[in-house]
Amino acid sequence: MSELTLTLLRLGLLVLLWIFIFSVVGVLRADIYGTTISRRSQRKALKRQEKQQSRAARVTVPAARSAAAEAATDLPASAAPGSSGAASGMTSPIENNPPRRRGRHAPTTLTVTEGPLTGTSLPLRGNGILIGRNPECALVLDDDYASGRHCRLFPGSDGWLVEDLSSTNGTFIGRDRLTSPRPVEIGTTLRIGKTVLELRG
């Protein structure tokens, strides 16, 4: 090979080497300055967000205060501190409807002691017991002298009461025919036609 060829090869290799060096430097510079620029932009974006949040907080606080003031003015006079139910003409439902109290010796069951259903017992629960010949009754009597809806037992404020429902042959406690609701207790016997019922504890 001639000296001219060798010189050209050396120059070519030198040029390639410098090109490689410049490319490496360019990449490094782009990486360094690129991250710096992105950090600056992030800081600016964060500052903008903080400013927007502070402005929104300044706007929402007065709005919340005005809403609370309006709600306070809309409260009724009866809800104001120190107001009583008597001043507003309102009474507690507990005061109007006192709880029912039953005596210690109140009956708990109704037992048939005479008649076709002798031995049948029925617990006294709920709103009361309807007695008669109709199938809708709690105690259905197989007695020709009983009416469809003959009488009922129901709880009162002091215990259980019995009431005749305008039956044809009447409801009796002993020899007394019922004309109005009457309280009953343990040992009371009811006579409906040929059927006798006794209240037991």
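The rules behind each value
- Residues numbered from 1 in each chain as written.
- Predicted model: local features only at pLDDT ≥ 70, side-chain atom pairs only at ≥ 80, totals over all residues.
- Heavy atoms only, no water.
- Pairing = 2+ DSSP bridges.
- Helix = DSSP H or I, 4+ residues; strand = E, 2+ residues; numbered from the N terminus.
- Phe/Tyr/Trp six-rings, centres within 6.5 Å; stacked < 30°, edge-to-face > 60°.
- Buried < 20%, exposed > 50% of the residue type's maximum accessible area, 1.4 Å probe, protein only.
- Lys NZ or Arg CZ within 6 Å of the ring centre and 35° of its normal.

Now for the sheet that holds strand 9 (residues 182-183). Spatially, 4-3-5-6-9 is the arrangement adopted by the 5 strands of the open sheet, whose pairing is mixed. Either end of the sheet is taken by a strand with one partner, and the two such strands are strand 4 (139-140) and strand 9. Note that strand 6 (residues 160-164) and strand 9 share 2 bridges and pair antiparallel. Along strand 9, the bridge assignment pairs Val162 with Arg182.

Glancing now at the packing of aromatic side chains. Following the criterion strictly, the structure yields 1 aromatic pair and no others. Taking 6.0 Å as the distance between ring centres and 35 degrees as the angle between the ring planes, the aromatic pair formed by Trp18 and Phe22 counts as tilted. One end of the pair is Trp18 and the other is Phe22, both in helix 1 (residues 3-74) and 4 residues apart, which spans about a single turn. The partly exposed category is assigned to Trp18, whose relative accessible area is 45%. Under the relative-accessibility criterion, Phe22 is labelled exposed at 58%. Above the plane of the ring of Phe154 lies Arg152, whose end atom (NZ or CZ) is 4.0 Å from the centre. Above the plane of the ring of Phe172 lies Arg191, whose end atom (NZ or CZ) is 4.6 Å from the centre.

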